[in-house]
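# Close look at the chain arrangement
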Amino acid sequence: MATSRCFLLPIFLKQPNPSPKFSKYQRALNSKITCSSVTAQTQLAKQELLNLISDQDRGLKTQKDPSKRASIIKAIDVMAVLGKDIATTGDSLSATWRLLWTTEKEQLFIIDKAYLFGTQAGDVLQVIDVEKRVLNNVITFPPDGVFFVRSNIEIASPQRVNFRFTSAVLRGKSWEIPLPPFGQGWFESVYLDDEIRVVKDIRGDYLVVDQAPYSWTE
């Protein structure tokens, strides 16, 4: 996924009667320096965000810590500024994305209360296929359980995706319970690279995911 960004700024050094060769070289050098500084800034901001969420148990601990939540959202806002010119709804959006942190209460409730059903939550995933216009929200319960919600999606803008839930399924090793669909909305991937994606949605919730080292399929 090529999502890096470089600003080509008109930086000129005072030089008496510069030769065409020098001017060409200097423009290339200035562009390279500017690109490197933007990349470094993005990497620092990204690492700051990942550090902030690393010990938050996917968001469960953040629910009880308003100060930490505010710090994380501030870091997300920084990533959104750095990613504002990145188109995030193309082929690079298609992947199995794994939850690192969220404010979505429904997901956090299921993760937290899974023990009431004699199990525990495994990976929480968002599986997107832009070409097929489908999205699955998935909560796994190892070794054999899974709850997933199917959605149809449409690309609304360079960063926004509209979605409509179509069905939901609770599945065990040898059984399956279909559930009715429930709702629609949109989300914006405000930053995306070949490692992580940062998301805001219609309800004001936030999501940080990374690319899972595997592909999930029904």
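Note: the structure precedes this text.
For the structure given in this document, a descriptive report is provided here. Keep in mind that what you see is a predicted model, and the values were worked out from it rather than measured.

Turning next to the overall build of the protein chain. Scanning the protein chain from N- to C-terminus turns up three helices and nine strands. Secondary structure elements in the protein chain, listed N-terminal to C-terminal, are α-α-β-α-β-β-β-β-β-β-β-β. Within the span of the protein chain, comprising 218 residues, buried residues form 43% of the whole. Of the contacts formed within the protein chain by residues at least 6 apart in sequence, a portion of 55% connects residues at least 24 apart. With an accessible surface of roughly 12600 Å², the protein chain has 56% of that area assigned to carbon and sulfur atoms.

Roughly 570 Å³ of internal volume is contained in the largest pocket. If you go around the largest pocket, you meet 25 residues; those closest to its centre are E104, Q107, N137, F165 and R203. Mapped onto the lining of the largest pocket, the elements with two or more residues apiece are α3 (105–113), β3 (134–141), β4 (145–155), β5 (160–171), β7 (184–192), β8 (196–201) and β9 (206–211). Residue composition of the lining of the largest pocket, grouped by class: 13 nonpolar, six polar and six charged.

With that settled, consider the pairing of strand β1 (residues 95–102). Judged by how many residues are buried, β1 sits mostly within the fold: six of eight residues are covered. Direction of pairing for β1 relative to strand β2 (residues 124–129): antiparallel, over a ladder of four bridges. If you follow A95 over to β2, its bridge partner there is I128. Here β1 pairs with β9 via five bridges, running antiparallel. Note on β9: the bridge partner recorded for W97 is Q211.

This brings us to helix α2 (residues 66–82). Along its 17 residues, α2 runs 25 Å from first to last C-alpha, staying within 8% of the 24 Å computed at 1.5 Å per residue. Taken together, the buried positions of α2 are occupied by K68, I72, I73, A75, I76, M79, A80 and L82.

Take the side chain of T89 next. Tracing the backbone through its elements, the reader meets T89 in the loop between α2 and β1. Relative accessible area serves as the criterion here: at 9%, T89 is assigned to the buried category. Only 3.0 Å separates the side chain of T89 from the backbone oxygen of S157, close enough to count as a polar contact. Look past the residues within four positions of T89 in its chain and what remains in contact with it is V130, I155, S157, P158, Q159, R160 and V161.

So, on to unusual backbone geometry. A cis amide bond, omega 10 degrees, links P142 with the succeeding residue P143. Within the secondary structure, P143 sits in the loop between β3 and β4. You will see that R58, though not glycine, has its phi angle at about 65 degrees, which is positive. Summarising the element assignment, R58 is placed in the loop between α1 (20–53) and α2.

One pass over the full model with this rule turns up eleven salt bridges. The closest approach of N and O atoms between K200 and D77, which form a salt bridge, is 3.1 Å. With a gap of 123 residues between them, K200 in strand β8 and D77 in helix α2 connect regions that are remote in the sequence. By relative accessible area, K200 is classed as partly exposed at 23%. When its relative accessible area of 31% is taken as the criterion, D77 is described as partly exposed. A salt bridge links K84 to D85; the shortest N-O distance between them is 3.4 Å. Take K84: its relative accessible area is 53%, and that puts it in the exposed class.

All told, the structure shown has one cavity of 30 Å³ or more when counted by the stated rule. When its volume is computed, the largest cavity comes out at roughly 40 Å³. Around the largest cavity, the lining residues are L99, E104, Q107, V124, L125, Q126, N137, L207 and V209. Looking at the lining of the largest cavity, the elements that each hand over two or more residues are β2 and β9. The greatest single-element share of the lining of the largest cavity, amounting to three residues, is contributed by β2. Here the residues of the lining of the largest cavity sort into five nonpolar, three polar and one charged.

What counts, and where the lines are drawn
- Residues numbered from 1 in each chain as written.
- Predicted model: local features only at pLDDT ≥ 70, side-chain atom pairs only at ≥ 80, totals over all residues.
- Heavy atoms only, no water.
- Helix = DSSP H or I, 4+ residues; strand = E, 2+ residues; numbered from the N terminus.
- Buried < 20%, exposed > 50% of the residue type's maximum accessible area, 1.4 Å probe, protein only.
- Contact = heavy atoms within 4.5 Å.
- Areas by Shrake-Rupley, 256 points an atom, 1.4 Å probe, with all protein chains shown as cover.
- 1 Å grid on protein atoms, 1.4 Å probe; cavity = no way out; pocket = protein on both sides within 12 Å on 5 of 7 lines; lining within 4 Å.
- Points joined across faces, edges and corners; volume = space filled by probe spheres on them.
- Nonpolar A, V, L, I, M, F, W, Y, C, P; charged D, E, K, R; others polar.
- Pairing = 2+ DSSP bridges.
- Expected span 1.5 Å × (residues − 1).
- Polar contact = N/O pair within 3.5 Å; in protein donor to acceptor, adjacent residues only side chain to side chain.
- Salt bridge = Lys/Arg side-chain N within 4 Å of Asp/Glu carboxyl O.

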